[in-house]
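Residue-level structure breakdown
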Amino acid sequence: MAHEVVVAKAEEWQDGSLGIVEVDGHRIALCRVGEAFFAFDDRCPHAGSTLGLGTLHANAVECPRHQYLWRVTDGAALTTGGPLTLFEVRVEGDSVLLTVPDRWPEPAHWARHPRREELRRRHGFEEGD
Ligand code: FES
């Protein structure tokens, strides 16, 4: 069942901050745009690089590897590739809370991977996941 966990203290994240938090062994990129926080899979949808080490330009994250851009507010790809995998996040008091999904999603960059089915089997994804 989905539940929330505290992933950060809002006061420690300035407007324009981008970083990585870990939840249940999963790396999540977290950023602050104004008063709002956004969270998404840290693995770039293009080739799996670490988005949390990228650059935030207003509400767009730039991947450090090939410099593609995604809008963090809705996950849309602004250059090329599939969308970001977003996670629900909200602020309560000084706590930034992330909703932990019932099942962690398949990394978006696997969609075009030549050995996708092998990866899915190895990591326990079933038909229809
Ligand atoms: S790995 Fe992120 S843009 Fe290529």
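Just so we're clear, the structure is a prediction, and the values are computed from it rather than from any experiment.

Before going further, it helps to examine the sheet that holds strand 9 (residues 89-92). Strand order in this open sheet of three strands is 1-10-9, and the pairing throughout is antiparallel. Edge positions in the open sheet fall to strand 1 (3-9) and strand 9, since each of these has one partner strand only. Across the sheet, the mean angle from the axis of one strand to that of its neighbour is 35°, orientation sign disregarded. Where strand 1 and strand 10 (residues 95-100) come together, six bridges link them in antiparallel fashion. Opposite Glu4, over in strand 10, you have Thr99 as the bridge partner.

The strand order across the open sheet formed by three strands is 5-6-7, and the pairing between neighbours is antiparallel. Lying at the two open borders of the sheet, with one neighbouring strand each, are strand 5 (55-57) and strand 7 (69-71). Strand after strand, the sheet turns through a mean of 30° between neighbouring axes, direction not considered. Direction of pairing for strand 6 (residues 60-62) relative to strand 7: antiparallel, over a ladder of three bridges. Note that in strand 7 the partner of Val61 across the bridge is Trp70.

Non-glycine residue Asp24 carries a positive phi angle of around 50°. The topology assignment puts Asp24 in the loop between strand 2 (18-23) and strand 3 (26-33). Backbone geometry at Ala58 places phi at a positive 55°, although glycine is not the residue there. Tracing the backbone shows Ala58 in the loop between strand 5 and strand 6.

The rules behind each value
Note on numbering: residues in each chain are counted from 1, in written sequence order. Reporting in this predicted model follows two pLDDT cut-offs: at least 70 for local features of residues, and 80 or more for side-chain atom pairs to be given and counted; totals over whole chains, interfaces and linings ignore these cut-offs and use all residues. With hydrogens and water excluded, all non-hydrogen atoms of the structure serve as input to the side-chain values. The criterion for strand pairing is that DSSP finds at least two bridges linking the strands in question. Numbering of helices and strands runs from the N terminus, with a helix taken as a DSSP run of H or I at least four residues long and a strand as a DSSP run of E at least two residues long. To get an axis, a line is fitted to the C-alpha atoms, and for a helix only the part in contact is used. The angle between two axes follows their N-to-C directions and goes from 0 to 180 degrees.

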